Amino acid sequence: MVDEKSIQAVVEQVIRSMTGEAPKAAPATQAKKLRGVFDTMEEALSAVEKAYAEFRSYTREQREAMIGKIRILCRAEAETMAHMGVSETGMGNVYHKTLKHRLVADKTPGTEDLATTAWSGDHGLTLVEMAPHGIIGAITPSTNPSETVICNSIGMIAAGNGVVFNPHPNAKNVSNYAVDLVNRAILEAGGPENLVCSVKEPTMESSNTMMKSPLVKLLVATGGPGVVKALLSSGKKAIGAGAGNPPVVVDEGVDVKKVAGDIIDGCTFDNNLPCIAEKEVFALSSVADDLVHEMLQQGGFLIEGEAIDKLYKLVTNEGKGLNRKCVGRHAKELLQMIGITPKEDTRCIICQTDAHHPFVQEELMMPILPVVSVPDFDTAVALAVEAEHGNRHTAHIHSKNVDHITQYARAMGTTILVKNAPSYCGIGFNAEGYTTFTIAGPTGEGLTSARSFTRARRCVMVDALNIV
Ligand code: NAD
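About the cut-offs
- Residues numbered from 1 in each chain as written.
- Predicted model: local features only at pLDDT ≥ 70, side-chain atom pairs only at ≥ 80, totals over all residues.
- Heavy atoms only, no water.
- Pairing = 2+ DSSP bridges.
- Helix = DSSP H or I, 4+ residues; strand = E, 2+ residues; numbered from the N terminus.
- Core = buried A, V, L, I, M, F, W, Y, C linked by side-chain atoms within 4.5 Å.
- Buried < 20%, exposed > 50% of the residue type's maximum accessible area, 1.4 Å probe, protein only.
- Contact = heavy atoms within 4.5 Å.
- Near = heavy atom within 4 Å.
- Polar contact = N/O pair within 3.5 Å; in protein donor to acceptor, adjacent residues only side chain to side chain.
- Areas by Shrake-Rupley, 256 points an atom, 1.4 Å probe, with all protein chains shown as cover.
- Nonpolar A, V, L, I, M, F, W, Y, C, P; charged D, E, K, R; others polar.
- Right-handed = clockwise from strand over helix to strand, strands pointing away.
- Axes fitted to C-alpha atoms, helices over the stretch in contact; angles between N-to-C directions.
- Parallel < 35°, antiparallel > 145°, perpendicular 65-115°, else oblique.
- pLDDT = per-residue confidence, 0-100.
- Salt bridge = Lys/Arg side-chain N within 4 Å of Asp/Glu carboxyl O.
- Expected span 1.5 Å × (residues − 1).
- Left-handed = near helix turned anticlockwise from the far one by under 90°.

(A) Representation of the pairing of strand β2 (residues 117-121) in the model. Direction of pairing for β2 relative to strand β3 (residues 124-132): antiparallel, over a ladder of five bridges. When the bridges of β3 are listed, S120 appears paired with L125. Here β2 folds back onto β3 in antiparallel fashion, the turn holding two residues.

(B) Examining the nonpolar core more closely. I150, I157 and V164 are the most contacted members of the largest nonpolar core, which totals 79 residues. Once you skip the residues sitting within four places of it in the chain, I150 turns out to touch I70, C74, M81, V104, A178, L181 and V182. Ranked by size, the runner-up nonpolar core spans 38 residues in total, among them V256, V281, C348 and F377.

(C) Structural context of the site of the ligand. Taken together, 31 residues are adjacent to the ligand, and S142, G224, R324, E363 and I439 come closest. G242 is positioned with one of its backbone polar atoms (N or O) 2.8 Å from a nitrogen atom of the ligand. Separating an oxygen atom of the ligand from a backbone N or O atom of G244 is a distance of 3.4 Å. Considered on its own, the ligand offers 850 Å² of accessible surface; in the complex 87% of this is hidden by protein. At the level of secondary structure, the elements contributing two or more residues to the shell around the ligand comprise α9 (204-212) and α10 (225-232). For the shell around the ligand, the residue count by class is 14 nonpolar, 15 polar and two charged.

(D) Just the pairing of strand β7 (residues 216-222), in detail. With respect to burial, β7 is a largely interior element, six of its seven residues being buried. Here five bridges tie strand β4 (residues 135-139) to β7, and the two strands are oriented parallel to one another. Looking at the pairing, I139 lines up with A221 of β7. As paired elements, β7 and strand β8 (residues 238-241) share four bridges and run parallel to each other. By the bridge assignment, V220 is partnered in β8 with I239. Read as a crossover between parallel neighbours, the route from β7 over α10 to β8 is right-handed.

(E) The packing of helix α6 (residues 94-107) against helix α7 (residues 145-158), seen in detail. As a packed pair, α6 and α7 sit with axes 9 Å apart at the nearest point and diverge in direction by 0°. What the angle tells us is that α6 and α7 run roughly parallel. Contact residues: K97, K100, H101 and V104 in α6; S146, E147, I150, C151 and I154 in α7. Taken together, the residues that form the contact of α6 with α7 break down as four nonpolar, two polar and three charged.

(F) Representation of the sheet that holds strand β15 (residues 416-419) in the model. If you trace the seven strands from one edge of the open sheet to the other, you get β11-β12-β13-β10-β9-β14-β15, paired in parallel fashion. Looking at the sheet topology across the chains shown, the edges are occupied by β11 (300-302) and β15. Strand-to-strand twist across the sheet, computed as the mean angle between neighbouring axes with direction ignored, equals 25°. Here four bridges tie strand β14 (residues 394-398) to β15, and the two strands are oriented parallel to one another. Across the sheet, the residue bridging to A395 is L417, located in β15. Each of β9 (247-250), β10 (280-284), β13 (368-374) and β14 touches helix α16 (residues 377-388); the most contacted strand, β10, lies at about 170° to it.

(G) Representation of unusual backbone geometry within the structure. Non-glycine residue N271 carries a positive phi angle of around 55°. Within the fold, N271 resides in the loop between α11 (256-268) and β10. Of the residues examined, N271 reaches a relative accessible area of 5% and is grouped as buried. Here the phi dihedral of R392 falls at roughly 55°; this positive angle occurs in a residue that is not glycine. With respect to the helices and strands, the residue R392 is situated in the loop between α16 and β14. Among the residues examined, R392 registers a relative accessible area of 52% and is labelled exposed.

(H) Up close: the confidence of the model for the chain. For the chain, per-residue confidence averages 94 on the pLDDT scale, and 93% of positions sit at 70 or higher. Residue range residues 1-29 is modelled with pLDDT below 50. Its contacts to residues more than four positions away, or to other chains, number 17 contacts.

(I) View of the sheet that holds strand β18 (residues 454-462). Here three strands make up an open sheet; going across it, the order is β2-β3-β18 and the pairing antiparallel. Pairing within the sheet leaves two strands with one partner each, and these edge strands are β2 and β18. Taking the axes of each pair of neighbouring strands and ignoring which way they run, one obtains an average angle of 15° across the sheet.

(J) Structural detail: the pattern of salt bridges. Taken as a whole, this structure holds 15 salt bridges when the rule is applied. Residue D270 is joined to K97 by a salt bridge in which the shortest nitrogen-to-oxygen separation is 3.0 Å. Residue D270 is found in the loop between α11 and β10, and its partner K97 is found in helix α6; the two are separated by 173 residues along the sequence. A relative accessible area of 0% means that D270 is categorised as buried. Overall, K97 belongs to the buried group, its relative accessible area being 1%. K172 is the salt-bridge partner of E201, the closest N and O atoms lying 2.7 Å from each other. Taken as a pair, E201 in the loop between β6 (196-199) and α9 and K172 in helix α8 (residues 172-188) lie far apart in primary sequence, 29 residues in all.

(K) Molecular detail of α6. Here α6 is 14 residues long and its end C-alpha atoms lie 20 Å apart, about the 20 Å a rise of 1.5 Å per residue gives. Considered for burial, the residues of α6 that qualify are H96, K97, T98, L99, K100, H101, L103, V104 and A105.

(L) A look at the packing of α11 against helix α12 (residues 285-297). Viewed as axis vectors pointing N to C, α11 and α12 meet at an angle of 60°, and their least axial separation amounts to 8 Å. Here α11 lies oblique to α12, going by the angle between them. The interaxial crossing formed by α11 with α12 has right-handed handedness. Counting all contacts with α11, which are made through V256, K257, V259, A260, I263 and I264, the residues of α12 involved are D290, L291, E294 and M295. Considered class by class, the residues forming the contact of α11 with α12 number seven nonpolar, no polar and three charged.

Printed below as a string of structure tokens:
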């Protein structure tokens, strides 16, 4: 006999196939025990300790086999995790989150990233090999939750480590789904149980337990300034990937139509959640009006006067601090929240402000783009440096003038600089180079990869093994 639940499931499936709606996130995963996810941080730590002891004897080829399986599962379940991330956090969009997971699957470096250095000569042979730290404690954000868990896992496992995560509490379900996915892949490849662990209910307390545990040899945090500061005060080796507020400078002599499209594409990617996304524009006054005009043809929606004030009050809680309910929301939703009916094609809210407006100075993580008109290139550079606040994170420029690009790059001193393209090219999306979701500006590792999670060990042989 067919029961009511089965009929309901079939009806839902038919409706989805007719409307083209993507399959829902696997609800069953909520009920079943997730691999590697424990009730307490103490249990998680002791499980990863056991797994790491076993993992020490695995070859590099075995590690690579595990990573290969993680890539396959990450690709296969990209859309499921994208759905889960959007529904749990209320931020971003499924389409772009799916692309981000695929990027992680395809372009996060594996064991090939680890290079041995050798010196040979009259006195023998000296090697420096990249060794694991042991167990790494990692803190992950709500903006790219499962992407960061999987990207970190690939790099950390490639380097031979075990990992314990304390994910963002607002994204714990999708983050822990990703922890389970990584463990499923490891087991399928014949690896140990619980090499990557986490806690069911991550809190500040569980984070402190993790940071203080003598088992944890390296800490890695991806998030805002609070978490990076906490990590750097821990007394342990730490990698801190902190906040950004990337400016875009638009020079004279550019193809304004292309530039407008590039900036809007980057700024609206996952509703502006990526820390590398365009957050404010400084355009030379000779191109600023044309640029705004072109932006309005490509999904921009211009707000002026009172509407800017209303939006400011909404997104900053009347100036008291970032309104988390607005972070990562679509431009149309933000406009509706202030009583404005958007156009059908609206993707990005555009406003013309002065350089010291909070929309310019604060990292909002919303598709709101202030465009500041500036009299000359030197002023654009000076204001961009100010708006980046010394984060050393990311900056963008659209210019055909090599001297200007060089001047800007030197002045910004950021970890990433994207020239004449959307911001996401900076992490290898539609561009050359590998990807990461942990960009360590404050501690200097830059775009982290397997080699960032190693320690260098030197091995010296005197007067032998040099064979020429
Ligand atoms: P967040 O700072 O709110 O949280 C990040 C993580 O840190 C969470 O797990 C949170 O619980 C934890 N945390 C926060 N304060 C802490 C403290 N004092 N001690 C211990 N743990 C603490 O970040 P979010 O809102 O989820 O993410 C957005 C922020 O992260 C933005 O500022 C963005 O620029 C930045 N970010 C940076 C990168 C990068 O690679 N540099 C990547 C993604 C996000």
